[in-house]
Amino acid sequence: MQHSISKVLIVDDSPTQLHSLREIVEQGGYEAIVADCGERALEVASDQRPKVILMDIVMPGMNGYQATRQLGRNAGTADIPVIFVSTRADEADKIWGMRQGARDYVTKPVDPQVLLSAISAAMAA
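Cut-offs used in this document
- Per chain, the residues get numbers from 1 upward, laid out in the order the sequence is written.
- At least 70 in pLDDT is required for a residue's local features to be given in this predicted model, at least 80 for side-chain atom pairs to be given and counted, and no such filter applies to totals for whole chains, interfaces and linings, which use all residues.
- Excluded from the side-chain calculations are hydrogens and water; all other atoms, namely the structure's heavy atoms, are used.
- Should a side-chain nitrogen of Lys or Arg be within 4 Å of a carboxyl oxygen of Asp or Glu, the pair is scored as a salt bridge.
- What counts as a helix is a DSSP run of H or I of at least four residues, what counts as a strand is a run of E of at least two, and both are numbered from the N terminus.
- Relative accessible area decides the class of each residue, using a 1.4 Å probe on protein chains only: under 20% of the type maximum gives buried, over 50% gives exposed, and in between gives partly exposed.

### Let's talk about the pattern of salt bridges
Going through the model one piece at a time under the given rule, you end up with 6 salt bridges. Residue Asp12 pairs with Lys108 through a salt bridge whose shortest N-O separation is 2.7 Å. Of this pair, Asp12 sits in the loop between β1 (7-11) and α1 (15-27) while Lys108 is found in the loop between β5 (104-107) and α5 (112-124), placing the two residues 96 residues apart along the sequence. There is no split in this pair, since Asp12 and Lys108 are both buried. One salt bridge connects Arg88 with Asp93, and the closest N-O pair in it is separated by 3.6 Å. In this structure Arg88 comes out as partly exposed when scored by relative accessible area, which is 34%.

Laid out in structure tokens, this is it:
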């Protein structure tokens, strides 16, 4: 029986952030899939069914909060845990993020160990 590698969807409008987050995710032993905006994240999440979604907040078009709420309203994606990965480090931002349905909140610049621990915990929950 083939062991499938867990997919992690990375949503960020910055190519630099996508690249660095993808490296961390792949070094952690996961398969990284990416979306560069909230709208695309909804499509990819429905098609690919990732185990966890790493969601940027500040993006053009649909922001991370809006995308997370949409994922939560869709029966096909409601059970996928979302971890916000953002430069917004205020406690108020974290609280608001958790209220939008996020499982966790990691601030940029990302500490690889913190991020991988958050991914692991979200998958185990």
